[in-house]
Amino acid sequence: MAVGIFDSGLGGLTVLEAARKRLPDVPFVYFGDSAHAPYGVRDADDIYDLTTRAVERLFDAGCDLVILACNTASAAALRRMQESWVPREKRVLGVFVPLIEALTERQWGDNSPPREVAVKHVALFATPATVASRAFQRELAFRAIGVDVEAQACGGVVDAIEEGDMILAEALVRSHVDALRRKMPSPQAAVLGCTHYPLLQDVFQEALGAQVNVYSQANIVAESLADYLERHPGMIGPGTAEAYLTTGDPARVSNRATQFLRREIRFTAA
Ligand code: DGL
């Protein structure tokens, strides 16, 4: 029994950690494609090729269900994968929809027409590829009307986190928040649309101010995964062992991951 969690690098660990807490009996296999991070500056074909290769590896590791804990892959590759690549007995799910359901206060699978929602001004912080895809605005438009979204492409933040340079990452977050505020001075909500960003959630919150409701995906996705598995228990695949796979240098990636999660994590070569 194992569920796969994929990210371009370390960001998906924020989702993995929340999922482990919510579902302590489910073993997770994590795949971080650190050798090819960041994805956020790549084009859609490249992201599709890298993501399908990684998901294939997770299928081989005994996962029938894989969560793309990467907004960039969810935005740039997921639809194409679901339409023409994912085998019938497997599932690959993204991280956008649960977040948008939380933002618009919708229940899972509520397919009623879009309606007015409480939140009107939303700041989206994401990678350049996610922002360019406009996938967030598209999913939101299926569910809500009258929501003004201002997107800020946060160049450099994922690279700095992957390199472990948190001082640079913090400085970049503050400058991206400033840039966003010049376009939207008073957002009501801010969406951290990249799974690396919860590692800097306090910095986003402080720069945005306490009045801004900051949504990050970890707990929202974990809750939605628990709900999905309750309805589809057969999707917990045949794998039984927890594992951490990386395309990067296992020792280096293990050190960073241990530092972020404050528990010992040992990656092996994917
Ligand atoms: N954590 C990935 C995401 O959620 C980062 C993408 C990247 O590698 O640039 O978008």
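Residues numbered from 1 in each chain as written. Predicted model: local features only at pLDDT ≥ 70, side-chain atom pairs only at ≥ 80, totals over all residues. Heavy atoms only, no water.

Novice: Account for the packing of aromatic side chains, naming residues and giving values.
Specialist: Counting across every chain of the model gives eight aromatic pairs. Judged by centre distance (5.6 Å) and plane angle (65°), the rings of Tyr244 and Phe267 are edge-to-face. Pair noted here: Tyr244 is in strand 11 (residues 243-246) and Phe267 is in the loop between helix 12 (250-261) and strand 12 (268-269), with a separation of 23 residues, a long-range link. Each residue in the set Phe6, Phe31 and Tyr39 is aromatic and connected to the rest through ring pairs, giving one cluster. (Phe/Tyr/Trp six-rings, centres within 6.5 Å; stacked < 30°, edge-to-face > 60°. Helix = DSSP H or I, 4+ residues; strand = E, 2+ residues; numbered from the N terminus.)

Novice: Can you break down the environment of Val191 residue by residue, with the values?
Specialist: By the secondary structure assignment, Val191 is in strand 9 (residues 189-192). Linking Val191 and Gln217, residues 26 residues apart in sequence, is a C-alpha distance of 8.6 Å. In this structure, Val191 is in contact with Leu99, Leu103, Val122, Ala123, Leu124, Phe125, Phe136 and Tyr215, ignoring residues within four places of it in sequence. (Contact = heavy atoms within 4.5 Å.)

Novice: So, the packing of helix 1 (residues 13-22) against helix 11 (residues 217-231): which residues are in play, and what are the values?
Specialist: One way to put it is that helix 1 packs onto helix 11 with a least axis distance of 8 Å and a crossing angle of 45°. One way to sum up the angle between helix 1 and helix 11 is to call them oblique. Both helix 1 and helix 11 take part in a crossing whose hand is right-handed. Two secondary-structure elements touch here, helix 1 through Thr14, Val15, Ala18, Ala19 and Arg22 and helix 11 through Ala218, Asn219, Val221, Ala222, Glu223, Leu225 and Ala226. (Axes fitted to C-alpha atoms, helices over the stretch in contact; angles between N-to-C directions. Parallel < 35°, antiparallel > 145°, perpendicular 65-115°, else oblique. Left-handed = near helix turned anticlockwise from the far one by under 90°.)

Novice: Run through the site of the ligand, naming residues and quoting values.
Specialist: Close to the ligand lie 13 residues, the nearest being Ser8, Tyr39, Gly40, Thr72 and His196. Note that an oxygen atom of the ligand is positioned 2.7 Å from one of the backbone N or O atoms of Tyr39. Taking Thr195, its side chain carries an N or O atom lying 2.8 Å from a nitrogen atom of the ligand. Coverage of the ligand by the protein chains reaches 100% of its 300 Å² of free accessible surface. Looking at the shell around the ligand residue by residue, the classes come out as five nonpolar, seven polar and one charged. (Near = heavy atom within 4 Å. Polar contact = N/O pair within 3.5 Å; in protein donor to acceptor, adjacent residues only side chain to side chain. Areas by Shrake-Rupley, 256 points an atom, 1.4 Å probe, with all protein chains shown as cover. Nonpolar A, V, L, I, M, F, W, Y, C, P; charged D, E, K, R; others polar.)

Novice: Break down unusual backbone geometry for me, citing the residues and quoting the values.
Specialist: For the bond from Ala37 to Pro38, the omega torsion is 0°, close enough to zero to count as cis. Tracing the sequence through the fold places Pro38 in the loop between strand 2 (28-32) and helix 2 (44-60).

Novice: Please provide a residue-by-residue account of the sheet that holds strand 4 (residues 91-93), values included.
Specialist: The sheet built from six strands is open, its strands ordered 4-3-1-2-11-12 with parallel pairing. The strands lining the two open edges of the sheet, one partner per strand, are strand 4 and strand 12. Where helix 1 meets the sheet, its contacts fall on strand 1 (2-7), strand 2 and strand 11, and the angle it forms with strand 2 comes to roughly 175°. (Pairing = 2+ DSSP bridges.)

Novice: Hey, could you go over the packing of helix 9 (residues 166-183) against helix 10 (residues 201-208) for me, with residue numbers and the actual values?
Specialist: The geometry of helix 9 relative to helix 10 is characterised by a closest axis approach of 9 Å and an angle of 35° between their N-to-C directions. Crossing handedness for the pair helix 9 and helix 10: right-handed. Across the interface between the two elements, Glu170, Val173, Arg174, Val177 and Arg181 from helix 9 touch Val203, Phe204, Glu206, Ala207 and Leu208 from helix 10. Class assignment of the residues belonging to the contact of helix 9 with helix 10 gives a composition of six nonpolar, no polar and four charged.

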